[in-house]
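# Descriptive structure summary
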Amino acid sequence: MSITEVSVEATPSFAVGVSEVDRVLGGGLVPGGVTLLGGEPGIGKSTLLLQVAAGVASGGRRVLYVTAEESAAQVRLRAERLGAVVEGLWVVAETSVSRVIELLDEVNPDLVVVDSVQALVAPELGSAPGSVAQVRECAFRLVTEARSRQMATVLVGHVTKDGSLAGPRVLEHVVDTVLSFEGDRHGGLRLLRASKHRFGSTAEVGVFEMREQGLRMVPDPSGMFLADRRPGVSGSVVAAVLEGRRPLLVEVQALVGASNSPSPRRTAQGLDTGRLALLLAVLERRVKLGQLGSSDVHTLAVGGVRLGEPGADLAVALAVASALSDVPVPPHVVVFGEVGLTGEVRQVGRADERIAEAHRLGFTTVVGPAGTGTPVGTLAEAMDILGLH
Ligand code: TYD
Ligand code: MG
């Protein structure tokens, strides 16, 4: 076919009814599309997918939930807690991929969820469940069925500690969408991201909180992160950062104290330790805070978030300066900006959205690079404006 004749009709998708999931998927699931949901054991994949399955079934579509790890009774019990006992949601406890495929004829679902692909087996293959050969074969058969039946499919894949999808890593290229579900297992916060998405953008992030009754959506994460903040205390700065495409306000805290060790302690929770070392060096050499060299410095991003972008630099540096001087940053101030090695404050992406998020939550002063309400050229200038001496 000539490329001029190729049709460009948009792929139709259907909403799953869990809005944070629909946000990440850019509208919903696509008939015939295959999604891999990865995450560490215990993070909440089964919980999320049961909520998704119930959402899709409530919308009048047929859903088959294949549980290869738990019994159907366990799934029912969980569903009761989640309010996911709905018509149109079919459950089967089955580990044989051939049997699952036979069932597809019987149930004729619009969506099939397989939890997990590592627990599924193609018995005739002979190798052990969870082996790369098994995982690949099972997934391949399910992908073929998904395509030919125009049936949306979600596969669960457990991820090992080092972050690789054990076995399922080999699946990333066969599926259309790869989602990862992450968070601090002790805290309640969970983030859903897409690392590959054939039908849309990978920039959206879904935010959830794990509760007794399952995963609750957090449509206003900034509000949640700031809920327990104590304004007027030194060592605390609110940063406007980006999670995916989404602007978020997060509190950064620092605690500084004289060290009695020749090699002072430096800790960074939710922040990059290398980045912290760089910012401390800038504070020491460019802003002349010489006493930092012999101080213990502890830093923290509140709420279990991980700040992986340079836009948080200015907040981290100012939190340390505020802790060191014991001068609080005024409560109505939000900061953002990258800090360079000469102490300059640099521009970062989506400044307008960060500023809008700050104003939405009632912050009146935004300190950052050119374009913010209170622009600063250097870290020292930001400290002067905020009186952190
Ligand atoms: P689960 O969905 O089983 O994780 P995964 O499928 O990724 O292995 O859920 C894991 C944890 O979530 C489990 O230890 C208990 C907790 N949980 C809640 O706190 N509230 C709930 O409503 C549910 C269903 C689970
Ligand atoms: Mg599970």
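Look up: the structure comes first, before these words.
This section reports on the structure supplied with the text. Keep in mind it's a predicted model, so treat the numbers as computed, not measured.

Inspection of the entire model under this criterion finds 24 salt bridges. The residue Arg149 makes a salt bridge to Asp105 at a minimum N-O spacing of 3.1 Å. Placement of Arg149 in helix 5 (residues 132-149) and of Asp105 in helix 4 (residues 97-107) is noted, with a sequence separation of 44 residues between them. We classify Arg149 as partly exposed; its relative accessible area is 28%. For the salt bridge of Asp176 with Arg147, the shortest nitrogen-to-oxygen distance reads 2.9 Å. You can see Asp176 sitting in the loop between strand 5 (152-158) and strand 6 (177-183) and its partner Arg147 sitting in helix 5, a full 29 residues away along the chain. Connected through shared salt-bridge partners, Glu20, Arg23, Glu204 and Arg246 make up one network.

Okay, the packing of helix 2 (residues 45-58) against helix 3 (residues 72-82) next. As a packed pair, helix 2 and helix 3 sit with axes 10 Å apart at the nearest point and diverge in direction by 70 degrees. Between helix 2 and helix 3, the angle is such that the two are roughly perpendicular. Note on packing geometry: the crossing formed by helix 2 with helix 3 is right-handed. Contacts between helix 2 and helix 3 involve Ser46, Thr47, Leu50 and Gln51 from the first element and Val75, Arg78, Ala79 and Leu82 from the second. Classifying every residue of the contact of helix 2 with helix 3 gives four nonpolar, three polar and one charged.

This part is about the pairing of strand 5. Here strand 5 lies mainly inside the structure; seven of its seven residues are buried. Taking every second residue as pointing to the same face, both faces of strand 5 are buried, with Ala152, Val154, Val156 and His158 on one and Thr153, Leu155 and Gly157 on the other. Examined bridge by bridge, strand 4 (residues 111-115) and strand 5 share four bridges and lie parallel to one another. Looking at the pairing, Leu111 lines up with Ala152 of strand 5.

Take Ile3: it is sitting in the segment before helix 1 (19-25). Taking the relative accessible area as the measure of exposure, Ile3 reaches 73% and is therefore exposed. Sequence separation of Ile3 and Glu40 is 37 residues, and the distance between their C-alpha atoms is 43 Å.

Definitions and cut-offs
Residues numbered from 1 in each chain as written. Chains lettered and ligands numbered in written order. Predicted model: local features only at pLDDT ≥ 70, side-chain atom pairs only at ≥ 80, totals over all residues. Heavy atoms only, no water. Salt bridge = Lys/Arg side-chain N within 4 Å of Asp/Glu carboxyl O. Helix = DSSP H or I, 4+ residues; strand = E, 2+ residues; numbered from the N terminus. Buried < 20%, exposed > 50% of the residue type's maximum accessible area, 1.4 Å probe, protein only. Axes fitted to C-alpha atoms, helices over the stretch in contact; angles between N-to-C directions. Parallel < 35°, antiparallel > 145°, perpendicular 65-115°, else oblique. Left-handed = near helix turned anticlockwise from the far one by under 90°. Contact = heavy atoms within 4.5 Å. Nonpolar A, V, L, I, M, F, W, Y, C, P; charged D, E, K, R; others polar. Pairing = 2+ DSSP bridges.

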